[in-house]
Amino acid sequence: MCMALAHSLAGFATGAALAVHAGQPAWVASGSAVLATITASGRLSPDVDQYGLWRRLDRWLPDELLGAGGPLQHRGVSHWWGWPAAAAVYLSAHAGPWWVWMLLAGWVSHLFADAVFGKRAWGRGPGIPLFPWWFHVGVGLDAGGILERWVLVPALAVAGPMILLWPYAAPLIST
Ligand SMILES: [Zn+2]
């Protein structure tokens, strides 16, 4: 579950960074970090394709006939960037509330992380699909490897809280 931890921490840092960048107060920034964490890993993230109902559907439906492993494969259609892009267009058009943007940000942070680290762990990729479930693109770094375990996870664990504290620390440093 190392990858899930990295995803959660990346989501936390993403929500915090966006809120701080937008000049939101500390309580909103903390809340944003938590919201983005929810959709960054697990059942409510693009990795929904790793859980019960989805996997059962993948087993029973002949979606592989559609080619390229089928849309229901891991890092298939649930990992397509087009869904969050469409959601972002909808949210901008309808002045979507901040908290929904943060849920979306967590989801997108997952896709970014998979684009960089999505390779070995589940035998697909590298990366995420450019088209709904085919033509994967990514850096293909070793997910769950030494780099992730000993560099990425600790760095993210420090980054999230540091970003939250930045608005308070920055004036102290500059004076
Ligand atoms: Zn994923």
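Presented here is an overview of the structure given in this document. (Residues numbered from 1 in each chain as written. Predicted model: local features only at pLDDT ≥ 70, side-chain atom pairs only at ≥ 80, totals over all residues. Heavy atoms only, no water.)

## Re the overall build of the protein chain
Logical step 1: Along the backbone of the protein chain there are 6 helices and 2 strands.
Logical step 2: What you see for the protein chain is a C-alpha radius of gyration of 17 Å, in line with the 16 Å of a compact globule of 175 residues.
Logical step 3: By principal-axis analysis of the C-alpha atoms, the protein chain measures approximately 65 × 45 × 25 Å.
Logical step 4: For the protein chain, the residues scored as buried account for 39% of the 175 residues in total.
Logical step 5: Expressed as a percentage of contacts within the protein chain between residues at least 6 apart in sequence, the contacts between residues at least 24 apart total 65%.
Logical step 6: Of the roughly 9,700 Å² of accessible surface on the protein chain, 75% is carried by carbon and sulfur atoms. (Helix = DSSP H or I, 4+ residues; strand = E, 2+ residues; numbered from the N terminus. Rg over C-alpha atoms; globule rule 2.2 N^0.38 Å. Buried < 20%, exposed > 50% of the residue type's maximum accessible area, 1.4 Å probe, protein only. Contact = heavy atoms within 4.5 Å. Areas by Shrake-Rupley, 256 points an atom, 1.4 Å probe, with all protein chains shown as cover.)

## Quick word on the side chain of S41
Logical step 1: Topologically, S41 is positioned in the loop between α2 (26–38) and α3 (52–60).
Logical step 2: Taking the relative accessible area as the measure of exposure, S41 reaches 15% and is therefore buried.
Logical step 3: Here S8 takes part through its side chain, which lies 2.9 Å from a polar atom of the side chain of S41.
Logical step 4: Setting aside chain neighbours within four positions, we find S41 in contact with A4, H7, S8 and H110. (Polar contact = N/O pair within 3.5 Å; in protein donor to acceptor, adjacent residues only side chain to side chain.)

## Considerations on the packing of aromatic side chains
Logical step 1: Counting across every chain of the model gives 5 aromatic pairs.
Logical step 2: Between the aromatic rings of F131 and F135, the centroid separation amounts to 5.9 Å while the plane-to-plane angle is 85 degrees, which identifies the pairing as edge-to-face.
Logical step 3: The rings of F131, W133, W134 and F135 are connected pair by pair, giving a single aromatic cluster. (Phe/Tyr/Trp six-rings, centres within 6.5 Å; stacked < 30°, edge-to-face > 60°.)

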